Amino acid sequence: MTELESEVLPLPPRYRFRDLLLGDQSFQSDDRVQVEFYVNENTFKERLKLFFIKNQRSSLRIRLFNFSLKLLTCLLYIVRVLLDNPEEGIGWSHIFWVDRKTPLWAVQVSIALISFLETMLLTYLSYKGNIWEQIFRISFILEMINTVPFIITIFWPPLRNLFIPVFLNCWLAKYALENMINDLHRAIQRTQSAMFNQVLILICTLLCLVFTGTCGIQHLERAGEKLSLFKSFYFCIVTFSTVGYGDVTPKIWPSQLLVVIMICVALVVLPLQFEELVYLWMERQKSGGNYSRHRAQTEKHVVLCVSSLKIDLLMDFLNEFYAHPRLQDYYVVILCPTEMDIQVRRVLQIPLWSQRVIYLQGSALKDQDLMRAKMDNGEACFILSSRNEVDRTAADHQTILRAWAVKDFAPNCPLYVQILKPENKFHVKFADHVVCEEECKYAMLALNCVCPATSTLITLLVHTSRGQEGQESPEQWQRMYGRCSGNEVYHIRMGDSKFFMEYEGKSFTYAAFHAHKKYGVCLIGIRREENKSILLNPGPRHIMAASDTCFYINITKEENSAFIFKQEEKQKKKGFAGSYDGPSRLPVHSIIASMGTVAMDLQNTECRPANSSKLALPAENGSGTRRPSIAPVLELADTSSLLPCDLLSDQSEDEMTQSDEEGSAVLEYVKGYPPNSPYIGSSPTLCHLLPEKAPFCCLRLDKGCKHNSFEDAKAYGFKNKLIIVSAETAGNGLYNFIVPLRAYYRSRKELNPIVLLLDNKPEHHFLEAICCFPMVYYMEGTIDNLDSLLQCGIIYADNLVVVDKESTMSAEEDYMADAKTIVNVQTMFRLFPSLSIITELTHPSNMRFMQFRAKDSYSLALSKLEKRERENGSNLAFMFRLPFAAGRVFSISMLDTLLYQSFVKDYMITITRLLLGLDTTPGSGYLCAMKITEDDLWIRTYGRLFQKLCSSSAEIPIGIYRTESHMFATSESQISINVEDCEDTKDVKEHWGIKTGHHRNSCSSDQSEHPLLRRKSMQWARRLSRKGNKHSSKTAEWISQQRLSLYRRSERQELSELVKNRMKHLGLPTTGYDEMNDHQNTLSYVLINPPPDTRLELNDIVYLIRSDPLAHVANDGHSRKSSCSNKLGSGNPETRDETQL
């Protein structure tokens, strides 16, 4: 049997009778049985049921025909009433008998006969064994009442004038309409809105009640005052609306009884309908309804997909998205699986957002919800991860599924995806723009250690601002800092640009310098038309072409700028070439940001020819000596004039220098690509590497092994200061902290040892990835353990980076996730005051607690300034907080705007990654910094520094990090005047002449040397807090300040003794801790692209974009080495051009 079954050939798809007669004869001898399926559908009843009920399209036609018949019968009833002319007088016969014309009777009988036959047929087809269920249905009873009497009149003519309540067919029409709507939606394969159905039912119910009451009262009143149809309708409307004028009333008891019945029915039916409608409305408010197809086709909208919508995330998105003028007409559709919370609901009810933002409760994994959001018509879809989840990997998995679902549903919709873990990034590589949070975070924190306040620089660049923050403040640093914060990155095609068009055929460096000199814009990079890669500072060998896309930093884009030339046209006519003759001839660039347009006032700023005289400052004190001048920037590259040596050659110089001191004990480093990457998708970067991988035991800082016996940082004898990173786990993102600090373009002498202070032991694959890097160690410990901090060498460290811990990112109370981190950092701030602590927080609003001083009135004044800026609608209200301005605190949520801004500027993610060192494009430069020393002060201004760097080393400066001495008295007085006491301005101006130094060490460590400033400070502080007496005694204030300083000194001594005792207990020398000084009386801030006439100050740190040293190594490496040695050796000692990190 098994063999026979195996030999049976498969049956054809379907057998027919003719197949048996005319088919292949080979099948006739087989033992086959023909099976007909769905035989029950071949019966006459089933075919009728398929036509009248099951088939959506034919059933829809039948119901539409039935609905039309019912409406026609109601219309014929109204015609019969209007043609009826009852006899005068009161009699009950008028109720039972009417005057019906023969033609009208014939039409009504025909319609009744058709309706009766249809009803009987549908009853037969829907019969399921219970005949009484079919008979006692309301619709069946109404049909019998309105059709059977007409059929009887065919056989008994005396009954042709019998009254038949045909107006009750309105209820049958309502029933047919409901079924018709359902069939309609089934036929077009769409799900109808429950709200639409309920509203339709309510309206139909009201119309049927009014129509039934109107016709019933009019007919019953035939036995009374004979009301017209219109008066009866008027009476029903007045009665159902509860107005009740009383001018029209029923006179006989049957009509009065009908009114009572109709009111009772209305009181029962209508509240039920309204209750169902309100319930559906509330549910719709929760789910958000739909975004209509018509709106999606006529309007532009973007979709925001999130797991949970918090008010901070929503406001950051809306403020940044709508900051761009061309996005004002866009709509934002939010698709979120959770119900809208109270704060979000309150914000979305504001008229500014209620007309633009549509909230839909739904999941991106459901096609129905994506259809509700009209994803396929969207201009873009933003998919954000929930960073406050305890399991960030699970949050990434949800984001990946959302991205896949959106790509599957709407493949043409641009995707903007935010991912948390770098190892999950390759799953969403298909997205148009991807921002990996941990990659950017760790790279930014790493650059903060070598380029101070890089996090603040990048945050200000990716936020949209007009540069109007702090302009009403009386403090100079706040006005300048706020003004420069309005600089952003823009792009323009060179052939269409007034800024750069005149530099076609010139070198990139020449165009960058003269564009900054003439217009105050900072050209940072280009993109060739044939090559889609963006190059930051491609160097002087790059010749500008009209088809190049230029990327520049400015207060606004060129299209919103007006150009006002003063004296330039006249000077050009005279053939005059301007030069820097003195301070009065320096270029003045007045940039006024108003309503999105910048007016640039240009005075005597025409480009200087390459062969003109060098820039020289006037003689000092009238003497005949001249300071060194600055060489001009050449139009085309001259290899002999470029200063920086090839960074591949400085390795040999470093080896020669160190070999003289340490002999053969020095371990040589090599340059190469890291052999092991901890995750897929990391960009390869040329780095300093060990010749051989270090054993895992040698990576442990606090434990010796058979290769070395060192057990603390002091024993290693590091020459450079340490960089300590405190993290919970050694995640793959931590790899991006090490790579920028070991990049090939950093000199060997400048490499800082890196110590990873981890709460948990790192995994094997992470150690495999970092064992090839020099001077990278780890130890287990936490920042709340003083012994761990001392063992990892905190007293020998310049920077301590505190990374936000995943386990504390979520808390029961909002904004409490940073509590432990803030308190621990505050403790270290008190124990090690000179240490630069860079902290990552979950919530940006918590940065006000960093380095918290409860009695610092200056911080209170900054708090009021922040509130005022927030009221003015600033997106960067927190920018004046001292820890943020100094780059000491950072929150990754600040970089959310990078993803939002890429919708308008698709290049922002690429430029940011290049600046952070996450991507290395051949020929593209990198971000670094140099420090202004006393030997560099002769340059005097930022514009001259720009020329000096462009002409000597082809570096492009983009900003300044400035540190000033901070005397609380002066600062407090200035801010408190603006906030509270404008009437005391005269007293302030008398003491405004007191100047403070701008060097970190120039301020006095003891403020008792300035009792006058302290007295004024206390007065202004009391005015600021509105406490105390304005006219308190000067002597009492002086004594209180002395007591406070004594208290501070005693507290400092107590903390110092605590640290020294722990160091002695651990066997560590205390010499390093004695050398730590308190530099808390300083403030630092970032100036992005300051005006050219900005004065340079001592210890300013200048941000530079240095060209790629490997771009032209093969061509002229030897000539660059020789030119470098000649340049350094022949110059005056005052003309140092070394770049110091």
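Here, the structure is the one placed above.
Below you will find a few notes about this structure. (Residues numbered from 1 in each chain as written. Predicted model: local features only at pLDDT ≥ 70, side-chain atom pairs only at ≥ 80, totals over all residues. Heavy atoms only, no water.)

**Digging into the overall build of the chain**
For clarity, the cut-off: The helix count covers DSSP runs of H or I at least four residues long, the strand count covers runs of E at least two residues long, and both are numbered beginning at the N terminus. Two residues qualify as a contact provided that any one of their heavy atoms is within 4.5 Å of a heavy atom in the partner residue. With residues, only the protein chains shown are counted as cover, and all accessible areas are computed by Shrake-Rupley using a 1.4 Å probe.
Scanning the chain from terminus to terminus reveals 40 helices and 25 strands. Long-range pairs, those at least 24 residues apart, make up 75% of the contacts in the chain with a sequence separation of at least 6. Surface summary for the chain: the accessible area is close to 53900 Å², and the carbon and sulfur share equals 56%.

**Topic: the packing of helix 22 (residues 508–519) against helix 34 (residues 942–952)**
Applied cut-off: Lines fitted to C-alpha atoms define the axes here, with helix axes fitted over just the stretch in contact, and angles between the N-to-C directions of these axes take values from 0 to 180 degrees. Small angles under 35 degrees read as roughly parallel and large ones over 145 as roughly antiparallel, with 65 to 115 read as roughly perpendicular and the rest as oblique. Amino acids are sorted into nonpolar (Ala, Val, Leu, Ile, Met, Phe, Trp, Tyr, Cys and Pro), charged (Asp, Glu, Lys and Arg) and polar (every other residue, Gly among them).
At a closest axis distance of 10 Å, the pairing of helix 22 and helix 34 adopts a crossing angle of 175 degrees. The orientation of helix 22 with respect to helix 34, classified from their angle, is roughly antiparallel. In contact with Thr-509, Ala-512, Phe-513 and His-516 of helix 22, helix 34 contributes Tyr-942, Gly-943, Phe-946, Gln-947 and Cys-950. Tallied by class, residues from the contact of helix 22 with helix 34 come to five nonpolar, four polar and no charged.

**Digging into the sheet that holds strand 22 (residues 926–931)**
Just so we agree on the cut-off: Pairs of strands are assigned from DSSP output, requiring at least two bridges between the strands.
The four strands are arranged 22-25-23-24 in an open sheet whose pairing can be described as antiparallel. The two strands at the open ends of the sheet, each matched to only one other strand, are strand 22 and strand 24 (1082–1088). Sheet twist, expressed as the mean angle between neighbouring strand axes with direction ignored, is 25 degrees. In this sheet, strand 24 lies alongside strand 23 (residues 956–965) in antiparallel orientation, the contact comprising seven bridges. Its bridge partner being in strand 24, Glu-964 is matched across the sheet by Leu-1083. Its contacts with the sheet place helix 34 against strand 22, strand 23 and strand 25 (1101–1106), and it is angled at close to 135 degrees to strand 23.

**Thoughts on the side chain of Thr-897**
Note the following rule: Per-residue accessibility, obtained with a 1.4 Å probe over protein chains only, is compared with the maximum for each type, and a residue is labelled buried under 20%, exposed over 50%, and partly exposed between these values. Two N or O atoms form a polar contact when they lie within 3.5 Å of each other; inside protein one atom must be a possible hydrogen donor and the other a possible acceptor, and for residues adjacent in sequence the pair counts only when both atoms belong to side chains.
With respect to the element layout, Thr-897 can be found in helix 32 (residues 896–901). Taking relative accessible area as the criterion, Thr-897 reaches 4% and is therefore assigned buried. A polar side-chain atom of Thr-897 sits 3.2 Å from the main-chain carbonyl oxygen of Met-894.

**Side note on the pairing of strand 17 (residues 754–758)**
As a general feature of sheets, a regular strand has side chains that alternate between the two faces. Worth spelling out the cut-off: Handedness of a crossover: with both strands directed away from the viewer, a clockwise path from the first strand across the helix to the second marks it as right-handed.
The buried fraction of strand 17 is high, at five of five residues. Side chains Ile-754, Leu-756 and Leu-758 project from strand 17 onto one buried face, and the interleaved Val-755 and Leu-757 project onto a second face that is buried too. As judged from the five bridges shared by strand 16 (residues 722–727) and strand 17, these two strands associate in the parallel manner. For Ala-727, the partnering residue across the bridge sits in strand 17 and is Leu-758. Where the polypeptide runs from strand 16 across helix 26 (residues 735–741) and back to strand 17, its parallel neighbour, the crossover connection is right-handed. Of the pairings in the sheet, the one linking strand 17 to strand 18 (residues 776–780) comprises five bridges and is parallel in character. Across the sheet, the residue bridging to Leu-757 is Met-779, located in strand 18. What joins strand 17 to strand 18 is helix 27 (residues 764–770), and the crossover it makes is right-handed.

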